[in-house]
Amino acid sequence: MSVVKINVLAVPAEQRETLEKRFASRAHAVEGSDGFEWFELLRPVEGTDSYLVYTRWRDEESFQAWMEGPMKAAHQGGDAQGAERPKPAASGSTLWSFEVVQQAAPAQP
């Protein structure tokens, strides 16, 4: 059964636009990863100031392989021209993990 990983990001109001632009500039960076099933960046509307980064994976092993490979490489060091890595837009994060035990899709007409 699939696993869901939700990264809860504490993002100060003045960094929200920066965070969203950074995710937009990395669009399609995870889609080719083995075992990847879904991604969503969720902007808070009410009740919280935290962004949620939702990813769904075929299994825990697929998620861990992505974490140790492409994700780790993307978050280390500067860019190819030697520029320094920008400071994080989030002031903190927590990773939530879930197993999918039930799911439903819209009924087909």
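Structure: above.
Residues numbered from 1 in each chain as written. Predicted model: local features only at pLDDT ≥ 70, side-chain atom pairs only at ≥ 80, totals over all residues. Heavy atoms only, no water.

S.K.: Which parts of the structure should I look at to understand the overall build of the protein chain?
M.R.: Of regular secondary structure, the protein chain possesses two helices and four strands. For the protein chain, buried positions account for 26% of its 109 residues. (Helix = DSSP H or I, 4+ residues; strand = E, 2+ residues; numbered from the N terminus. Buried < 20%, exposed > 50% of the residue type's maximum accessible area, 1.4 Å probe, protein only.)

S.K.: What is the right way to read the sheet that holds strand β1 (residues 3–10) from this model?
M.R.: Pairing between sheet strands relies on hydrogen bonds along the backbone, with the strands arranged either parallel or antiparallel. With respect to topology, four strands assemble into an open sheet ordered β2-β3-β1-β4, the strand pairing being antiparallel. Only two strands of the sheet have a single partner each, and these edge strands are β2 (36–42) and β4 (92–99). Here the strands of the sheet are splayed against their neighbours by 15° on average, with no regard to which way each runs. In terms of strand pairing, β1 meets β4 through eight bridges, oriented antiparallel. What sits directly across from I6, in β4, is W96. Packed onto the sheet, helix α1 (residues 16–25) meets β1, β2 and β3 (50–57) and runs at close to 20° relative to β3. (Pairing = 2+ DSSP bridges. Axes fitted to C-alpha atoms, helices over the stretch in contact; angles between N-to-C directions. Contact = heavy atoms within 4.5 Å.)

S.K.: Sorry if this is basic, but what is going on with the environment of A10 here?
M.R.: Relative to the assigned elements, A10 resides in strand β1. The class of A10 is partly exposed, set by a relative accessible area of 30%. In this structure A10 touches S50, A90, S91 and G92, once residues within four positions along its chain are discounted.

S.K.: Can you walk me through the pairing of β3 in this structure?
M.R.: Across the eight residues that make up β3, a large majority, seven, are buried. Bridging between β1 and β3 involves eight bridges; their strand directions are antiparallel. Across the sheet, residue I6 finds its bridge partner in β3, namely Y54.

S.K.: Is there a simple way to explain the packing of aromatic side chains in this structure?
M.R.: Aromatic ring pairs: the centre-centre distance and the angle between the two ring planes describe each pair. Per the stated rule, a full pass over the model turns up five aromatic pairs. On the numbers, 5.5 Å between centres and 75° between planes, the contact of F36 with W57 is edge-to-face. With F36 in strand β2 and W57 in strand β3, this pair connects stretches of sequence that are 21 residues apart. A relative accessible area of 0% places W57 in the buried class. Ring centres of W57 and W66 lie 5.4 Å apart, and the angle between their planes is 35°; on these two criteria the pair is classed as tilted. For the pair W57 and W66, a shared accessibility class is recorded, and that class is buried. (Phe/Tyr/Trp six-rings, centres within 6.5 Å; stacked < 30°, edge-to-face > 60°.)

S.K.: Could you clarify how one ought to interpret the environment of P88 in this entry?
M.R.: Tracing the sequence through the fold places P88 in the loop between α2 (60–74) and β4. When the C-alpha positions of P88 and R22 are compared, they lie 9.9 Å apart, and in sequence the two are 66 residues distant.

S.K.: Help me understand the side chain of S2, please; the structure alone is not making it clear to me.
M.R.: When you line up the elements, S2 lands in the segment before β1. Residue S2 is classed as buried on the basis of its relative accessible area, which comes to 8%.

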